[in-house]
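Examination of the molecular architecture
Here are the chains, one letter per residue:
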Amino acid sequence: MTVRAQQSEWKHVVVSGTPGAGPVRYELEATDTLEKTTETGGAPVDGASVNANDVLEGSFASGVVVGGVDAYRYRGDLTLLSVDGDATVYLDGTQTDPDSVGENYDYLAIVGDGSKADYSFEVDGDVAKTNMTGGAPTRYASVQSGDGVDTGSVSGSVFGGADAFRVAGDITGFDLSGGAAYLNGQEYTGPSGGDGSGGGEGDSRGQTSDGSEPGVEFVDCTTVEVTGSFDQVSLSVLASDGGCGPGPRFSEQEYVFGLNADEVVEGTTTISLPSGYFAAYQVVESATAEGTSSMSVSNPDADACRAEMESQFEDC
C-alpha cells in the first residue's frame, strides 16, 4: 500500500511581541481551517496562550499581544498576514517577514482631532474595517456598526479617535472634512493629490439638551468624562495581574457602561473603571460612546499610563 502525503497537515504561524515595546496588533487569514493553539510549530518561543480577546471568525483572526505570544495552526495557505508593532513572526518555526506572506494590502486610517470629521471614499477592490492603523500616529482604531462599508463604497465619521480600513485595490475617490488621513502611515489627501476636504458640516446628533457639543475626554488612566446623550460607553482596557506565573502578563478587556438601568449617559457623565475589575493593574486605552451617532477617542497618555503600570510589576 502506498501512503500518500496528507495535504491537510497543520502549519503554524506565531506572533511574538517584544517585551516593553507596547501592544502589537495583527490580522491573518487562511484559505482553509484556522485555529488558535498553544503549539508554536517549532518557533523558539514559549508561553503561547488562547485568549477570549483574540477574534477568530472562520478562517480570519485578529488579536493583540503585549510582550506575549499568540499562535495559530492552519491548513491551506495564508492570504493575509499583517502586523502593526514591534514583533517577531514565525512560520513553522522559521522567522519570517510578514510583508512577504499573502496578498499586499493598504491600510487607510482616518484620525479625528476632537471635532466631528466626516469621510467617504471609493475603492476599485475589496475593503474591510480593521483595528489596525498601518503606522498612523494613532495605533488603535475602533470598529463600529455606524461605519458603512458597501461594495467598495465607504462612509463614516470620527471625533477624537480613529477609523481604519484594510484596502485591496486602488482608492478612486476620497473626501474628508476635518481630522487627518494616513495611508500606510503617511499623510494622505486623496488619489488626485487634492486637499481631501469636502467641506462637510457637523450636525447636532448626540448633543446635550443645552446644545453643547458631544465629546469624550480622558481624566486619568482609568476615567473618562463623556458629554452628550448616548446609549452606552465602552472602555477598551489593558489589564494585568503583574505576576510572574506562566502565560501572558497582559490581556485586553472591554468594560461597558450603560447596560444597567441606573447607568445613564446624558449631559456630562464621569465613567471610572472600577478598581480591580479585571485585574490588579488596568489602563483604559480608548473609549467609544455609541448612540444616534458614535465617537471613539484614544487615551492620549496611554503609553505613560502603561509605563506607570509596568513599573509596579514584580521583577521576574
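Cut-offs applied
Residues numbered from 1 in each chain as written. Predicted model: local features only at pLDDT ≥ 70, side-chain atom pairs only at ≥ 80, totals over all residues. Heavy atoms only, no water. Salt bridge = Lys/Arg side-chain N within 4 Å of Asp/Glu carboxyl O. Helix = DSSP H or I, 4+ residues; strand = E, 2+ residues; numbered from the N terminus. Buried < 20%, exposed > 50% of the residue type's maximum accessible area, 1.4 Å probe, protein only. Lys, Arg positive; Asp, Glu negative; His and termini not counted. Polar contact = N/O pair within 3.5 Å; in protein donor to acceptor, adjacent residues only side chain to side chain. Contact = heavy atoms within 4.5 Å. Phe/Tyr/Trp six-rings, centres within 6.5 Å; stacked < 30°, edge-to-face > 60°. Lys NZ or Arg CZ within 6 Å of the ring centre and 35° of its normal. Pairing = 2+ DSSP bridges.

1. Section: the pattern of salt bridges
Applying the stated criterion across every chain, the model contains eight salt bridges. Measuring nitrogen to oxygen at the nearest pair gives 3.6 Å for the salt bridge that ties Arg25 to Glu285. With Arg25 in strand β2 (residues 24-30) and Glu285 in strand β25 (residues 281-290), the pair connects residues that are 260 residues apart, well separated along the chain. In this structure, Arg73 engages Glu35 in a salt bridge whose closest nitrogen and oxygen atoms are separated by 2.9 Å.

2. Notes on the side chain of Glu263
With respect to the helices, strands and loops of the structure, Glu263 is situated in the loop between β23 (251-257) and β24 (268-272). Buried charged residue Glu263 carries no salt bridge. Nearest counter-charge: Arg25, at 22 Å. A polar contact is formed between the side chain of Glu263 and the backbone nitrogen of Gly258, at a distance of 2.8 Å. Among all residues touching Glu263, those that are not within four sequence positions of it are Tyr255, Val256, Phe257 and Gly258.

3. Section: the packing of aromatic side chains
A full pass over the atoms with the stated rule returns seven aromatic pairs. When the centroid spacing of 5.0 Å and the interplanar angle of 80° are considered together, the rings of Tyr255 and Tyr277 count as edge-to-face. Here Tyr277 lies in the loop between β24 and β25 and Tyr255 lies in strand β23, a separation of 22 residues in the sequence. Of the residues examined, Tyr255 reaches a relative accessible area of 9% and is grouped as buried. You can call Tyr277 partly exposed: its relative accessible area is 47%. An aromatic cluster of three or more residues is present, and its members are Tyr119, Phe121 and Phe165. Seen from the ring of Tyr72, Lys36 lies directly overhead, with NZ or CZ sitting 4.8 Å from the centre. The lysine or arginine in question, Arg73, covers the ring of Trp10, its NZ or CZ lying 4.1 Å from the ring centre.

4. Considerations on the pairing of strand β21 (residues 223-227)
When you tally the buried positions in β21, you get four out of five residues, the bulk of the element. In this structure, strand β20 (residues 215-220) lies alongside β21, joined through five bridges in antiparallel fashion. Bridged to Gly215 within β21 is Thr227. Linkage of β20 to β21, two consecutive antiparallel strands, is achieved through a turn of two residues. Sheet topology places β21 next to β24; five bridges connect them, and they run antiparallel. Residue pairing in the sheet places Glu225 in a bridge with Thr270 of β24.

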